[in-house]
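Report on the structure
If you want the building blocks of each chain, they are given just below.
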Amino acid sequence: SDNIYSCTWINGTQTNLYGTDGNTIMATIGNNFTNGSLLISKYDKTGMFDYNLKIDGDVSGQIGQPLIMIDKHDNLYVSGLLVNDNVTNFYAPNENRVIATMGSVVSTPSSGTGFVTKYNSDGDIINILSMNGNLYHTINDLKTDRKENLYVSGYFRSEEHTSELQSRFGISYAVFCLKKK
């Protein structure tokens, strides 16, 4: 793909995106989730702005740990972690209109739901994959193979102690690698 994508964490009531001259405002994103939203921007190969996508929580949570990846068909994969909240909101391109939500089965102060969202090149959602349990599910890497399978790797943290070593330290971590066709 010749397109350029960026993903950043934003916090506040308004975010301005500037053109290559540093003075021209290309877009303004308002009503950001005050505890943190993800902002994904797409530009063409010359640096001209195309669209923004926003992902945020519902009440008091925070979205963090973003990763982005592009496949050979210019589909965009965005992953992140929703912490301390019940709902993740996914917005329409260049709008403050929620087009999809993802619920969480946990909402304790130490819980987090990992997600991967697949968008087409126009910014439309193709699908959403979520992972949650009683603590964190953190995504560390995204890859696709030549057969277009998605591989998601990371770790999850649980209060369940599955080995003597984990019991000694009082917390359990486990690595995962997920393949999605």
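Residues numbered from 1 in each chain as written. Predicted model: local features only at pLDDT ≥ 70, side-chain atom pairs only at ≥ 80, totals over all residues. Heavy atoms only, no water.

1. A short note on the nonpolar core
- If you look at the biggest cluster of nonpolar residues, it comprises 13 residues, and the most contacted ones within it are Ile 40, Ile 55, Leu 76, Val 78, Phe 90 and Tyr 119.
- The leading source of residues in this core is strand 5 (residues 49-56), at three residues.
- With sequence-adjacent residues up to four places away left out, Tyr 119 is seen in contact with Leu 53, Ile 55, Asn 75, Leu 76, Val 78, Phe 90, Asp 124, Ile 125 and Ile 126.
- If you look at the next biggest cluster of nonpolar residues, it comprises ten residues, including Val 116, Met 131, Val 152 and Phe 176. (Core = buried A, V, L, I, M, F, W, Y, C linked by side-chain atoms within 4.5 Å. Buried < 20%, exposed > 50% of the residue type's maximum accessible area, 1.4 Å probe, protein only. Helix = DSSP H or I, 4+ residues; strand = E, 2+ residues; numbered from the N terminus. Contact = heavy atoms within 4.5 Å.)

2. A few points about the packing of aromatic side chains
- Counted by the stated rule, this structure contains two aromatic pairs.
- Note on Tyr 43 and Phe 49: the rings are 5.8 Å apart at their centroids and 70° apart in plane angle, and the pair reads as edge-to-face.
- Residue classification places Tyr 43 among the buried residues on the basis of a relative accessible area of 16%.
- Phe 49 sits in the buried class, given a relative accessible area of 18%.
- Summarising the aromatic geometry, the rings of Phe 90 and Phe 115 are spaced 5.6 Å apart at their centres and angled 85° between planes, so their arrangement reads as edge-to-face. With Phe 90 in strand 8 (residues 87-91) and Phe 115 in strand 10 (residues 112-119), the pair connects residues that are 25 residues apart, well separated along the chain.
- With relative accessibility at 0%, the residue Phe 90 sits in the buried group.
- The positively charged end of Lys 54 is found above the aromatic ring belonging to Tyr 91, 4.6 Å away from the centroid. (Phe/Tyr/Trp six-rings, centres within 6.5 Å; stacked < 30°, edge-to-face > 60°. Lys NZ or Arg CZ within 6 Å of the ring centre and 35° of its normal.)

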